[in-house]
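# Coordinates in review
Residue-level listing of the chains:
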Amino acid sequence: MRDKIYNFMRTRYGNDQFSSFLTWMGLILIIIDVWAKTGVLYFLGLASFIYGYVRIFSKKYDKRAAENKWFLSHTASVRNLFKRMKKSKEAGKDYRIFTCPRCEQMIRIPRGKGRIEIRCPKCGNTFIKKS
Ligand SMILES: [Zn+2]
């Protein structure tokens, strides 16, 4: 049975980022429509899900690879946004953000320095905070 699946999949294009996106997106749309009951979302979700699997079992490598390339290039900004969000979350562990009490300028201070005097770079106001 395992060999059969292996032999079957060997000639197929297989999974890629675009197929993962389509199948997950499809499932999410279907789940949303369980609540929303629009019917439209269910249909779109099902279509997206099926197309994802059609791509996985496709034998047209060039066409599928071109689709994936298109998908990756058109979602680069969104994917980078998620990467940046993750990065800034990690940076949040090392820094604390304070707001200047006079001009409300946001000031980033490294953590773990104890009580320090912070000087606002915008208005020059100083205030004491624990970092
Ligand atoms: Zn200020």
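Quick caveat, the model's predicted, so the values are computed rather than measured.

### Structural notes on the packing of aromatic side chains
Across all of its chains, the model carries six aromatic pairs by this definition. Arranged with centres 5.6 Å apart and planes meeting at 45°, the rings of Phe8 and Phe57 form a pair that is tilted. Separated by 49 residues along the polypeptide, Phe8 in helix α1 (residues 2-10) and Phe57 in the loop between α3 (40-56) and α4 (61-74) bring together distant segments of the chain. Using a relative accessible area of 34% as the deciding quantity, one classes Phe57 as partly exposed. Taking the centre distance of 6.1 Å and the plane angle of 90° together, the rings of Tyr13 and Tyr61 count as edge-to-face. Remark: Tyr61 occurs in helix α4 and Tyr13 occurs in the loop between α1 and α2 (17-36); sequence separation between them is 48 residues. An aromatic cluster is present here, built from Phe8, Phe49, Tyr53 and Phe57 joined pairwise through their rings. The lysine or arginine in question, Arg108, covers the ring of Tyr95, its NZ or CZ lying 3.9 Å from the ring centre.

### A look at the coordination of the zinc ion
Protein-derived ligands of the zinc ion are Cys100 (SG), Cys103 (SG), Cys120 (SG) and Cys123 (SG), with the metal-ligand distances lying across 2.3 Å. The sequence pattern describing where the donors of the zinc ion fall on their chain is C-x2-C-x16-C-x2-C. Among the residues examined, Cys100 registers a relative accessible area of 1% and is labelled buried.

### Comments concerning the UniProt feature "transmembrane region" (unreviewed entry) in the chain
Those places that UniProt annotates as "transmembrane region" (unreviewed entry) correspond, in this numbering, to residues 21-54. Secondary structure within residues 21-54 divides into 91% helix and 0% strand; the distance between the first and last C-alpha atoms comes to 13 Å.

### Section: the confidence of the model for the chain
Of all residues in the chain, 100% attain a pLDDT of 70 or more, and the chain-wide mean is 92. α3 holds the highest mean pLDDT among the elements of the chain, 97, whereas α1 holds the lowest, 82.

### Here's the deal with α2
Under the 1.5 Å per step criterion, the end-to-end length of α2 is 27 Å for 20 residues, consistent within 8% with the ideal 28 Å. Restricting attention to buried positions, one finds in α2 the residues Phe18, Ser19, Leu22, Thr23, Gly26, Leu29, Ile30 and Asp33. On an axial view of α2, the arc spanned by its buried residues comes to 135°, and they lie on one face. Opposite the packed face of α2, turned more than 90 degrees from it, sit the exposed residues Trp24, Val34 and Trp35. Where α2 is buried, its residues contact α3 and α4. Where α2 begins, one side-chain oxygen reaches toward the backbone nitrogen of Phe18, 3.2 Å away; that side chain belongs to Asp16. Immediately beyond the C-terminal end of α2, within one or two residues, lies Lys37, with a positive phi of roughly 50°.

Calculation notes
Residues numbered from 1 in each chain as written. Predicted model: local features only at pLDDT ≥ 70, side-chain atom pairs only at ≥ 80, totals over all residues. Heavy atoms only, no water. Phe/Tyr/Trp six-rings, centres within 6.5 Å; stacked < 30°, edge-to-face > 60°. Helix = DSSP H or I, 4+ residues; strand = E, 2+ residues; numbered from the N terminus. Buried < 20%, exposed > 50% of the residue type's maximum accessible area, 1.4 Å probe, protein only. Lys NZ or Arg CZ within 6 Å of the ring centre and 35° of its normal. Donors = N, O, S within 2.8 Å, 3.2 Å for Na, K, Ca; no water. UniProt positions renumbered as here; feature names shortened; annotations may be inferred. pLDDT = per-residue confidence, 0-100. Expected span 1.5 Å × (residues − 1). Arc of directions from axis to C-beta. Contact = heavy atoms within 4.5 Å. Polar contact = N/O pair within 3.5 Å; in protein donor to acceptor, adjacent residues only side chain to side chain.

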